[in-house]
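# Notes for the structure review
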Amino acid sequence: MRNRFMLAGLAAGISLLTLGAAQAVEIEYWQYAYDTRVAAMDQLIANFEAANPDITVKQTTFPYDDYQTRVIAAKAAGQGPDVLQLFYGWLDKFQSGGVLQPLSTTAFPHDQIEADFFPIVTAMKRGDDYYGLPTAVRSLALFYNKKLFEEAGLDPAKPPQTLDELVAAAVATAKHDDAGNLISEGITLDMAGQDHQWWREVLTRQFGGVPYSDDYRTVTYGEKGGVEALKFYTDLQTEQKVGQTGFMDEGQAAFRGGMAAMTIDGTFRLGSFRTIDQFEWGVTELPANADGLRSNYASYFANGIGSSAQGEELAAAEKFLAYVSSPEAMQIWLEVVGELPARKEAALTDTNLADPVLAPFLKALDYAQTTQFVDEAGQRQVAIDMANRVLLEGQSPADSVAEAAAAEQAIIDDATK
Amino acid sequence: MTQGATLSDAAPKGRVWDRFPIRTKRVIWAWAFLALPIIFYGWIRFYPTFQAFWISFTDWDILKPAQFVGLENYDKLIHDPAFWKVFRNTFTYLIIGAPVSLVVAFAVAYYLDRVRFMHGFIRALYFLPFLTTAAALAWVWRWIYQPVPIGLINGLLAQFGIPQQAFLKSTTQALPAIMVTAIWAGLGFQVIIFLAGLRAIPQTFYEAARIDGLGEGAILRKITLPLLKPTTVFLVVFSSIGFLRIFDQVYNMTSNDPGGPLGSTKPIVLMIYQTAFSSFDMGYAAAQTVVLFTILLIVSLLQLWVLRSR
């Protein structure tokens, strides 16, 4: 311990001596490993280092499944990153655990944040402090395979706009073999993917309910809407037989492989779907209900500053965070990853709004909801189990939704007690 | 080593150290060398074990300092239906997996022992899966179990007009489907050990038995199986512990809904992993670990007692 103080003193002395020379600060940036995100960040780091020769940024990535564990373990070991990416839904855990430090109001004034970013940025606020800023936001849309639409005699320029049209298109495009096995899906069913968000924030509302109370502390989908929404969802497999959970392992894989006519997925899938060359695909807004009500689920990964960053590292981290949430960085992120800019001026440009792929996602930001998860994986598991009870065990949707509501309420109560 | 050094340094040369007889010196040196691995092992193995017992009485979540909560975690465990489900699953893996794998492995070894033609090649084929990474095996099997149009088994079934099976997506078939993979993956090792055990039985016993006119069945019952007992005891304990700790296969074959639909394949180790590393509820996870430790201890002791040599 004493040695460490002496070393620190020595280091301080040396740094005073070399004050005249350029000071090289190295800061560490963490995000999870995903090819396009890493490539985009490499590009941003190169630009940032060119503009700030005295700062170097070291990017470290971990597999998504390990990412939270790594961050928390690093915090416990006192070796956290200076800037790190986090899902908005992890904020409660990271903030209460002291992984993050609040953004200084001088470097990031609140009124500017709230004026420039889409309103969902407030999900990064706890008390009076912001704990991070998003580069990009993501929303959901309906992807459809134009080739399969044409083969089924549907107009590829007119994707379904209502739930009834969705079911009709799915019925028209689904293919079965002689034994009745599904060999090509009308629409993918994958609760472990994005379908739980579709059911929670979109279908439940479209069937007349509200999934949670305003503060997201009380589960309300059990009262109204949830049951009908689940029945609509599971009927796609059990009644219309146009989709099947686990078909081709994952919904996105089925769509990519040209074995599914439609899938609901997010902006983050654009980068991966753009490499499809066997068929043309299109994107449209999530279908409305019969009354024209639309909803969507928007989410984002934000970048925050680690609690261990101090002094010149903190200053460098703030500079870096400001750059990665700048309009320029958002444009690069949009081009490389395909995610929508989190600032309104960068997102709602004429070019973006005229883009047939981006427009449906951008329109959704107007009416999108952002679920405040306390335990994203746990709450998702509740939805997966809920659908499985109906699909595999023949439980009635009403009983299954009631059981899910109780289980999810327990998770929320446990996390907020 | 340090002990040796201090002993020789402490006393002037030619006094205390030289007065020890050579026997004592050897013992001291032996202990000095042994101390290193013992201390190291104790530090990386026993210390964390005792630490786990302590953590199981706290509410530690990595981020905040641990608070002593007494038996609260164990109380929660007893009243958690999810725990009893994984408890049942774990014992299903053990009670079906271990005997089936042993019987199959013995049958393979027993007949392979008599095969001279391509003996080495066949043995290698059985052993190959054991050398392969469990995760890679699990992903191949995951693909084999898929529904049509990509699954191998279901593709075959469909060609014969047999309805496809849900396998990993079913609450009843998923656990047996994973168990088959686990048995197959461990088979090679058990076959090799059984083969070695069979070879160790002196041929003269068999010759004597045949001269006395014993049939093959009687030879198997009266000579082979009793003399194979040490091998069997080892494999029973070894494979039981393996099935109680099953994780890789389950985790990799059902990673998009970890533990299978509605937790139907989830073993206790996967529950510990999820409690610890996705919910970060270390205290509760430690309590589950202590339960697993106790089960392993009891099962191993019980087996050693049942199969003890009289």
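Here the residue numbering is sequential within each chain, running from 1 through the sequence in written order. By the order in which they are written, chains take letters starting at A while ligands take numbers starting at 1. Residue-level local features of this predicted model are given only where pLDDT is at least 70; pairs of side-chain atoms are given and counted only at 80 or more, and the full residue set underlies all totals for whole chains, interfaces and linings.

To continue, consider the overall build of chain B. The helix and strand inventory of chain B stands at 15 helices and zero strands. On C-alpha atoms alone, chain B measures out to a radius of gyration of 26 Å, which is more than a quarter above the 19 Å that the 2.2 N^0.38 rule sets for 310 residues. Based on the C-alpha atoms only, the size of chain B along its principal axes is roughly 90 × 70 × 35 Å. Comment: burial labels come from other C-beta atoms within 10 Å of the residue's own C-beta, placed from the backbone, where a count of 20 or more is buried, 12 or fewer is exposed, and between is partly exposed. In chain B, which comprises 310 residues, the share counted as buried stands at 31%. Elements are defined by DSSP. Helices are runs of H or I of four residues or more, strands are runs of E of two residues or more, and each kind is numbered from the N terminus. The size measure is the radius of gyration over C-alpha atoms, and the globule rule it meets is 2.2 Å times the number of residues to the 0.38 power.

Residue and element names in this part refer to chain A. Running from amino to carboxyl end, helix H17 (residues 376–393) crosses helix H18 (residues 397–416) at an angle of 165°, the nearest separation of the two axes being 9 Å. As far as their axial angle goes, H18 and H17 are roughly antiparallel. Of the two possible hands of crossing, H17 and H18 adopt the one that is right-handed. Between H17, through Gly378, Gln379, Val382, Ala383, Met386, Arg389 and Val390, and H18, the contact on the second element is made entirely by Pro397, Ser400, Val401, Ala404, Ala407, Glu408 and Ile411. Each residue receives one of three labels: charged for Asp, Glu, Lys and Arg, nonpolar for Ala, Val, Leu, Ile, Met, Phe, Trp, Tyr, Cys and Pro, and polar for the others, Gly being one of them. Within the contact of H17 with H18, the residues separate by chemical class into nine nonpolar, three polar and two charged. All axes here are fitted lines through C-alpha atoms, helices being fitted over the stretch that makes contact, and every angle between N-to-C directions spans 0 to 180 degrees. An angle below 35 degrees is read as roughly parallel, one above 145 as roughly antiparallel, one from 65 to 115 as roughly perpendicular, and any other as oblique. A clockwise turn of the near helix away from the far one marks a right-handed crossing, whereas an anticlockwise turn of less than a right angle marks a left-handed crossing. Any pair of residues counts as being in contact when their C-beta atoms, constructed from backbone geometry, are within 7 Å of one another.

All names here are of chain B. For the pair helix H12 (residues 229–244) and helix H15 (residues 282–306), interaxial distance at closest approach is 10 Å and the crossing angle is 160°. Overall, the two elements H12 and H15 adopt an arrangement that is roughly antiparallel. Considering how the two elements wind past one another, H12 and H15 form a crossing that is right-handed. In contact with Val236, Val237, Ser240, Ile241 and Leu244 of H12, H15 contributes Ile295, Leu296, Val299, Ser300, Gln303 and Leu304. Residue composition of the contact of H12 with H15, grouped by class: eight nonpolar, three polar and no charged.

The next subject is the nonpolar core. By size, the foremost hydrophobic cluster in this structure holds 164 residues, and its most contacted members are A:Met124, A:Ala170, A:Met262 and A:Phe320. If you tally residues by element for this core, the top one is helix H9 (residues 174–199) of chain B, at 12 residues. Once residues lying within four places of it in the same chain are set aside, the contact partners of A:Met262 are A:Leu142, A:Phe143, A:Tyr144, A:Ala169, A:Ala170, A:Gly186 and A:Ile187. For the purposes of this analysis, a nonpolar core is taken to be any set of buried Ala, Val, Leu, Ile, Met, Phe, Trp, Tyr and Cys residues that are connected through C-beta atoms within 7 Å.

With that settled, the discussion passes to the pairing of strand S14 (residues 299–306) of chain A. All names here are of chain A. Summarising burial for S14: eight of the eight residues are buried, a large majority. We treat two strands as partners when DSSP finds at least two bridges between them. One ladder, built from five bridges, connects strand S3 (residues 83–87) with S14; its direction is antiparallel. By the bridge assignment for S14, Leu86 is matched with Ala302. In this structure, strand S4 (residues 100–101) lies alongside S14, joined through two bridges in antiparallel fashion. Within S14, the position partnered with Leu100 by the bridge is Gly306.

With that settled, consider unusual backbone geometry. Negative phi characterises most residues that are not glycine, and trans characterises most peptide bonds. A cis amide bond, omega 10°, links B:Val148 with the succeeding residue B:Pro149. Mapped onto the elements of the fold, B:Pro149 is located in the loop between helix H7 (134–144) and helix H8 (152–159). Of note, A:Met248 is a non-glycine position whose phi angle comes to about 55°, a positive value. Note that A:Met248 resides in the loop between helix H9 (226–238) and helix H10 (251–256). When the 24 C-beta atoms within 10 Å are taken as the criterion, A:Met248 is described as buried. For B:Leu262, which is not glycine, the phi torsion reads 55° and is therefore positive. Residue placement: B:Leu262 occurs in the loop between helix H13 (248–253) and helix H14 (268–277).

This next bit is on the domain arrangement of chain A. Residues and elements named next belong to chain A. For each domain, the first and last residues come from an automatic or database assignment. Taken domain by domain, chain A comprises domain 1 (24–137 + 299–369) and domain 2 (140–297 + 374–416). Facing 17 residues of domain 1, the contacting portion of domain 2 comprises 16 residues. Within the residue set of the side of domain 1 that touches domain 2, elements represented by two or more residues are helix H16 (358–364) and strand S16 (368–369). In terms of residues, the side of domain 1 that touches domain 2 owes the most to one element, H16, which gives four residues.

A few words on the domain arrangement of chain B. In terms of domains, chain B is made up of domain 1 (2–55) and domain 2 (72–306). Between domain 1 of chain B and domain 2 of chain B, the C-alpha centre-to-centre distance is 41 Å.

Taken together, the contact between chain A and chain B spans 28 residues of the former and 23 residues of the latter. Per-element tally for the side of chain A that touches chain B: the top contributor is H17(A), with eight residues. Residue composition of the side of chain A that touches chain B, by class: 11 nonpolar, nine polar and eight charged.

Another aspect to go through is the sheet that holds strand S11 (residues 260–266) of chain A. All names here are of chain A. The sheet built from five strands is open, its strands ordered S9-S10-S11-S8-S12 with mixed pairing. Each edge of the sheet is formed by a strand with only one pairing partner; in this case those strands are strand S9 (175–176) and strand S12 (281–284). The sheet contact formed by strand S8 (residues 140–145) and S11 spans five bridges and is antiparallel. Note on S11: the bridge partner recorded for Leu142 is Ile264. Relative to S11, helix H8 (residues 191–206) is tilted by about 75°, and along the sheet it contacts S8 and S11.

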